[in-house]
Amino acid sequence: MDMNQNNIEAIVRQVLAGMSGAPSAPSSNGELPKTARVAMLTEKEHYEIKEFPLPSIGDDEILVKVEGCGICGTDAHEFKRDPFGLIPVVLGHEGTGKIVKMGKNVKFDSAGKALALGDKVVTCMIFKDNPEITMFDLNKQNVGGADVYGLLPDDDIHFNGWFADYLVIRGGSTVFNVSDLDLYSRILIEPCAVLIHAVERAKTTGILRFNSRVAVQGCGPIGLICIAILRTMGIMHITAIDGNQQRLDFARELGATETVNFTEHTGIEALTNAVERSFGGHGADFAFQCTGSPAAHANIYKFIRNGGGLCELGFFINGGNATINPHFDLCSKEITLVGSWVYTLRDYATTFDFLRSAKRIGLPMEKLITDTFRLEDINEAHRTNLAMTGLKIAIINQ
Ligand SMILES: [Zn+2]
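A brief look at the structure comes next. Remember, it's a predicted structure, so these values are computed and weren't measured experimentally.

Some remarks on the packing of helix α4 (residues 189-203) against helix α10 (residues 345-360)
Orientation of α4 relative to α10, taken along the N-to-C sense of each, is 105°, at an axis distance of 9 Å. Here α10 runs roughly perpendicular to α4, going by the angle between their axes. Facing α4, whose interface residues are Ile189, Cys192, Ala193, Ile196, His197 and Glu200, α10 presents Asp347, Tyr348, Thr350, Thr351, Phe354 and Leu355. Of the residues assigned to the contact of α4 with α10, the class counts are seven nonpolar, three polar and two charged.

See below:
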């Protein structure tokens, strides 16, 4: 990969788009305000904008001026019902911003890249000793103590989530210098990492190859990003399945070669025929299930050929039971099934490469961010997110 060429392309595109692509001048400490805002979820369905003094920064710490942060499904659950019991909390974990102050011990990011004032960064987990651990409950490794900015309870520092003007990154956190990615790409890193992980899980089956016929069921942000990743891998036959024609049209822009609108087909047999027609009369070699619908999980086995594979990643939270026929759906077809949940720290580095590749081949990833709001309008932003009229909703602090 020719890094210089990429950088030049990225800068030219940013300039053409009227965005500031040039590295910003390092801010001296003197320019920092005395106080800054956070959006704190103080009760269900209600954020309050609160102002706190900016804390002093220790030798291992970094102060980041937040540029933007996406709203995640996890934020939506927390906003509505507080299932994680975090209130009062400053949410926002799909964020990015610019280093405005750093302690004297901070020299490199978690990948060994140099860090300097003005660099654009993202964080992953607040625990860097084991690159294999996943994000939330870490049940695979049975280790505790890892956490994520934007899902931390409030404390004396307050600047613990990305829905704020500033974030304090503590020593021992993971942090990545992603200055070569534009703002929207940086906001999409966290959700894209979920799909990088799913594709890595899918690859363990040995079935997913560059000439595979792949079905992607569900064209919300998760399914759409899945399609874009498959496209950057060079996979040429991708059928997107959804009930929303607008999303199916966007799926084509992100790399789907065929689409099936399930509202146009009555019954599982007709739907299966439509999916097979999209592959020239063949079943899918591999399928990704990207909806939270139990019926969709039950259906997807029918679309897969004998000996094919399936990655189920749609059920981030419990969405209920699905009914399948173990004989017809799994055994007699010899389906290889993998589940996927969240991501590992290692998937982050792959995600940066994916986003650069997606840019290079012209996939319009930035169109995934359909609505942007200012920090003070965060309640409205969350209501828009819950209405599900757009794809990814983001808070932009500029
Ligand atoms: Zn998220």
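Still to come is the rest of the account.
Considering unusual backbone geometry
Residues Ile87 and Pro88 are joined by a peptide bond in cis, for which omega reads 0°. The backbone of Val342 sits at a positive phi, close to 55°, despite the residue not being glycine. With respect to the element layout, Val342 can be found in the loop between β14 (336-339) and α10.

Some points on α4
For α4, built from 15 residues, the straight-helix expectation of 21 Å at 1.5 Å per residue is met to within 8% by its first-to-last C-alpha distance of 21 Å. Among the 15 residues that make up α4, twelve are buried, leaving the element largely enclosed by the rest of the structure. Turning to α4, its buried residues number three or more, namely Ile189, Glu190, Pro191, Cys192, Ala193, Val194, Leu195, Ile196, His197, Ala198, Val199 and Ala202.

Some thoughts on the sheet that holds strand β10 (residues 237-242)
Sheet architecture is open: six strands sit in the order β11-β10-β9-β12-β13-β14, paired in parallel fashion. Every interior strand has two partners, whereas the edge strands, β11 (258-261) and β14, have only one. Looking at each pair of strands side by side, their axes are set apart by 20° on average, direction ignored. On the sheet, helix α5 (residues 221-232) packs against β9 (213-217), β10 and β12 (284-289) and is oriented at approximately 175° with respect to β10. Its contacts with the sheet put helix α7 (residues 268-278) on β9, β10, β11 and β12, and the angle it makes with β11 is roughly 170°.

Cut-offs and rules
- Residues numbered from 1 in each chain as written.
- Predicted model: local features only at pLDDT ≥ 70, side-chain atom pairs only at ≥ 80, totals over all residues.
- Axes fitted to C-alpha atoms, helices over the stretch in contact; angles between N-to-C directions.
- Helix = DSSP H or I, 4+ residues; strand = E, 2+ residues; numbered from the N terminus.
- Parallel < 35°, antiparallel > 145°, perpendicular 65-115°, else oblique.
- Contact = placed C-beta atoms within 7 Å.
- Nonpolar A, V, L, I, M, F, W, Y, C, P; charged D, E, K, R; others polar.
- Expected span 1.5 Å × (residues − 1).
- Buried ≥ 20, exposed ≤ 12 C-beta atoms within 10 Å, placed from the backbone.
- Pairing = 2+ DSSP bridges.

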